[in-house]
Amino acid sequence: MGFRNTLRGGLALLAVAFFADSAVAQSVLLQIRPHIGDTLRMHLSQTVEMTGTTRGARTDSVRSMTTSIEVFTRAIAQQWTTNGTLMQTITDSVAMNPASAGSLADLRRKAMQAKRVWLRVSTDGAMELVDDGDPNSELRHIFGEMPAVLSRATVSVGDKWTREMQIPLSNEPGAVGAVRATFHLDSLGRNGDIAYISMRGTMSRINTMGAAPAGPGYGTTGQLSGTIQIDRRLGWITDSKSTIIVRSSIVTNPARKGEADRAPMEVRTKITQWIRVMRAR
C-alpha cells in the first residue's frame, strides 16, 4: 500500500512537472488587435522630474521642477486595416500639476478635454495619430510617439527580442534620443491569455535636422526600464509602467581672456509613466 501511494504521488508530481514545462514552452504570438466595437477606458499618469545641478568652486547650486499629468480616455476600436486598428479616442478628463487659472498648463488641459482624435495602432504596439492636425498637441506627445515594442515572431517564456526606436528629449526641443531596448517574456498566466513582459534599455542623443547641434563637452545618456502586461483575449496592453532617466552634462570650456569660467551643469530628467485599462467591454 505504501509503495502504491508513493508511486501515485510520484506520477502526480511528474504530471504537474510535465504540464508546467508545457506551459513554459508554449509559443505565442503577441499582438495588439482589439475587437471591433470594444471600448477601452484607460488611465494615463505621467510625471517628469527635472533636476539641474551647477557645480561651483565651493558649493553646488541645485534647482528642481516636477510636473505631472493625468489623462482619462476612451478608445473605441472601429476598423481593422492592413496597417493596424483604427480607433477613436475621446479624452474625458485631464489634470495637470502645477496648473492655475489662465496658465499654459490649464489652457492645454482645456484643449485636450473632450477632444476626439483617430489613432492607428499596429499589431506590434506602435501608435500613430491619424488626423490630430496639431503637431505640437499634448495628445500627440502622449500617444503618437509610442514605438513598436512587440516581437513580430512567436515567442516562448524566457525569449528576448530587441527593438531600436527614437524618442524626443523633453529638455531639448527638436533633439531626439536613440533607444535600444531588450524585451523579455517573463511568464504567461491564465492558460496563456496574459503575457508578462519586462524591458530594459539604453539611450543616447542623436543629431537631427532642426535640432541645435551638441557643443563640445556636451553629452546625453539615459536608461529605461519597465513592465508590460498584455491580455491576449482582449488584444490590448492592459498595464504598462516605464521609467526613463536621462542625464545631460555640459563640461566647462576654457574661458576667454577676461571672462570667468562657465560652471559645469548636469541635468537629470526622470520620466515615469503608467498606463492601465480600468474597464473594457
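Residues numbered from 1 in each chain as written. Predicted model: local features only at pLDDT ≥ 70, side-chain atom pairs only at ≥ 80, totals over all residues. Heavy atoms only, no water.

Can you help me understand the packing of aromatic side chains in this one?
What characterises a pair of aromatic rings is the spacing of the ring centres plus the angle enclosed by the ring planes. One pass over the structure, following the stated rule, counts one aromatic pair. Taking the centre distance of 6.0 Å and the plane angle of 10 degrees together, the rings of Trp 161 and Phe 183 count as stacked. Of this pair, Trp 161 sits in strand β6 (residues 160-168) while Phe 183 sits in strand β7 (residues 176-189), and the two are 22 residues apart along the sequence. The class for Trp 161 is buried, based on a relative accessible area of 8%. Lying across the ring of Trp 80, Arg 33 places its NZ or CZ 4.2 Å from the centre. Above the plane of the ring of Trp 274 lies Lys 241, whose end atom (NZ or CZ) is 4.8 Å from the centre. (Phe/Tyr/Trp six-rings, centres within 6.5 Å; stacked < 30°, edge-to-face > 60°. Helix = DSSP H or I, 4+ residues; strand = E, 2+ residues; numbered from the N terminus. Buried < 20%, exposed > 50% of the residue type's maximum accessible area, 1.4 Å probe, protein only. Lys NZ or Arg CZ within 6 Å of the ring centre and 35° of its normal.)

Is there a simple way to think about the environment of Asp 124 in this case?
For Asp 124, the position within the fold is in the loop between β4 (116-121) and β5 (127-129). Sequence-distant contacts of Asp 124, that is, excluding residues within four places in its chain, are made with Ala 148, Val 149, Leu 150, Arg 152 and Arg 163. Separated by 2.4 Å, the side chains of Asp 124 and Ser 122 make a polar contact. (Contact = heavy atoms within 4.5 Å. Polar contact = N/O pair within 3.5 Å; in protein donor to acceptor, adjacent residues only side chain to side chain.)

I tried to follow the pairing of strand β1 (residues 39-54) on my own but got confused; where do I start?
On a regular strand, each side chain points to the face opposite its neighbour's, so the side chains alternate between the two faces of the sheet. In this structure, β1 lies alongside strand β2 (residues 61-81), joined through 16 bridges in antiparallel fashion. If you follow Leu 44 over to β2, its bridge partner there is Val 71. Here β1 runs beside strand β11 (residues 265-280); their pairing, made up of 15 bridges, is antiparallel. Each residue of the ladder has a partner; that of His 43, found in β11, is Arg 276. (Pairing = 2+ DSSP bridges.)

Teacher, can you tell me more about unusual backbone geometry here?
Glycine aside, residues mostly have negative phi angles, and peptide bonds mostly take the trans form. Cis geometry marks the peptide bond from Asn 97 to Pro 98, where omega comes out at 0 degrees. Phi at Arg 190 takes a positive value of approximately 50 degrees, unusual for a residue other than glycine. In the Ramachandran plot, Asn 191 falls in the positive-phi region, its phi being about 60 degrees despite a non-glycine side chain. As for its placement among the helices and strands, Asn 191 is situated in the loop between β7 and β8 (194-206).

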